[in-house]
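Breakdown of the fold
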Amino acid sequence: MSVCRAVLVFTCCVFCSFNISAYAAPPHYVMCMGCHSPSYNRTGPKHCGVFGQLAARQEGFQYSEALTMSRLRWDRQTLDKFLESPAAIVPGTSMTFAGITDANVRAQLIDYIELLTTDHNDCR
Amino acid sequence: MSVQFSKPKTLLSVDALPTASTVTQETTNRRSFLRSGGQLTLSAMAISMLSGLNAKVASASDKQTMMDIQILNTAIAAEHEAVAAYQVGAESGLLSSAILNVAVQFQGHHKEHIDALSKAVGALGGEAAGPLAIYQFSVEKLKTETDVLTFAASLERGAVSAYAGAIPLFEQRELSKAAASILADEAMHWAVLRQVLGLNPVPGAFFS
């Protein structure tokens, strides 16, 4: 049994793409993984290279008009507002997610997004 | 590095989809799954979901209705991804026949979700989101059955959060109710997949 588990853990580590434990992501990032991946566009755009950029700039992703026209630049403050209530700061956004009320959880997620420069391990 | 995976269109066209019930009853092997015909029937849930919609606001004219359509369409997009992902798993050749049966059944549920959600979008006067032409799954990382199941489990877990995040946003409570019933289905998929992976199937009391 323990050998079996060891094999499983090993396999999960090798299998980086979809297993949150293989990412440097905080556990709460699982809330985002229904729609996002750090490294590629899904239902939501990839998160690598978002920090410090204007909103809605990931190539190949079809953004809502609302986010495209928002002229937001993603820094800690704008991300904090967006993650608290996406529709409050960008009415009409297609990120139809109620938001995260716990400021501490938002901060952990923003720490991670800030780390995700294109040379980060999770972005390869 | 991720590879772009083009969905085999013939397999995913609505006409060619097996219903969840036909799939469970069949002694499905990979070939019969890939070839199976049959019509997609609208489940009782989908019908009750639609009948509960408020006809007065069933036009895409007001802001709240537009918002409900957008929420539904984001959910539909995620469901399409799940269908494509299970297709990758089913075609990988990595699944034993018993596991393949379960995967095909779960894929059937996701197809039913798409159908129900799309009908709701239509009833609100909107246009339902279709599948993407290409899904960028890292298929080269799927080397074992465990890889495929881990992949599927992560999508199901993500779907639970996505629905949990959508439920409070609907203007029409009937839609929240329908989304909650879909969330329950995704959560069951996740638990079953975890069980098969040898993990605690229900690792907590609350999930957001």
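About the criteria used
Residues numbered from 1 in each chain as written. Chains lettered and ligands numbered in written order. Predicted model: local features only at pLDDT ≥ 70, side-chain atom pairs only at ≥ 80, totals over all residues. Heavy atoms only, no water. Helix = DSSP H or I, 4+ residues; strand = E, 2+ residues; numbered from the N terminus. Contact = heavy atoms within 4.5 Å. pLDDT = per-residue confidence, 0-100. Buried < 20%, exposed > 50% of the residue type's maximum accessible area, 1.4 Å probe, protein only. Arc of directions from axis to C-beta. Polar contact = N/O pair within 3.5 Å; in protein donor to acceptor, adjacent residues only side chain to side chain. Expected span 1.5 Å × (residues − 1). Buried area = accessible area lost by both parts, 1.4 Å probe. Salt bridge = Lys/Arg side-chain N within 4 Å of Asp/Glu carboxyl O. Nonpolar A, V, L, I, M, F, W, Y, C, P; charged D, E, K, R; others polar.

**Some words on the environment of phenylalanine 106 of chain B**
Residue and element names in this part refer to chain B.
- Relative to the helices and strands, phenylalanine 106 resides in helix H6 (residues 97-123).
- Separated by 32 residues in the primary sequence, phenylalanine 106 and threonine 74 place their C-alpha atoms 20 Å from one another.
- If sequence neighbours within four positions are ignored, phenylalanine 106 has contacts with Tyr86, Glu156, His189, Val192 and Leu193.

**Considering the confidence of the model for chain A**
- The pLDDT averaged across chain A works out to 86; a share of 82% of its residues lies at or above 70.
- Scored below 50 in pLDDT, residues 1-17 of chain A makes 24 contacts in the model with residues more than four places away or belonging to other chains.

**Focus on helix H3 (residues 76-84) of chain A**
All names here are of chain A.
- Burial in H3 covers these residues: Thr78, Leu79, Phe82 and Leu83. Across the axial projection of H3, the buried residues extend over an arc of 125°, all falling on one side.
- Along its buried surface, H3 packs onto helix H4 (86-89) and helix H5 (103-115).
- With a side-chain oxygen positioned 3.0 Å from the backbone nitrogen of glutamine 77, the residue opening H3 is aspartate 75.

**Overview of helix H8 (residues 173-196) of chain B**
- For H8 of chain B, which comprises 24 residues, the first-to-last C-alpha distance of 35 Å matches the rise-based estimate of 34 Å (1.5 Å per residue) to within 8%.
- A positive backbone phi angle near 80° is found at glycine 198 of chain B, which sits one or two residues after H8 of chain B.

**Details of the interface of chain A and chain B**
- Listed by partner, the interface residues are 27 residues for chain A and 32 residues for chain B.
- Surface buried jointly by chain A and chain B totals about 2400 Å² across both partners, of which 64% is contributed by carbon and sulfur atoms.
- Summed over the shared surface of chain A and chain B, the result is one salt bridge.
- With a shortest N-O distance of 2.7 Å, glutamate 81 of chain B and arginine 42 of chain A are connected by a salt bridge.
- Scanning the region where chain A abuts chain B turns up five residue pairs in polar contact (both at pLDDT 80 or more).
- With four residues, helix H1 (residues 2-14) of chain A is the single largest residue contributor to the side of chain A that touches chain B.
- Classifying every residue of the side of chain A that touches chain B by side-chain character gives 13 nonpolar, 11 polar and three charged.

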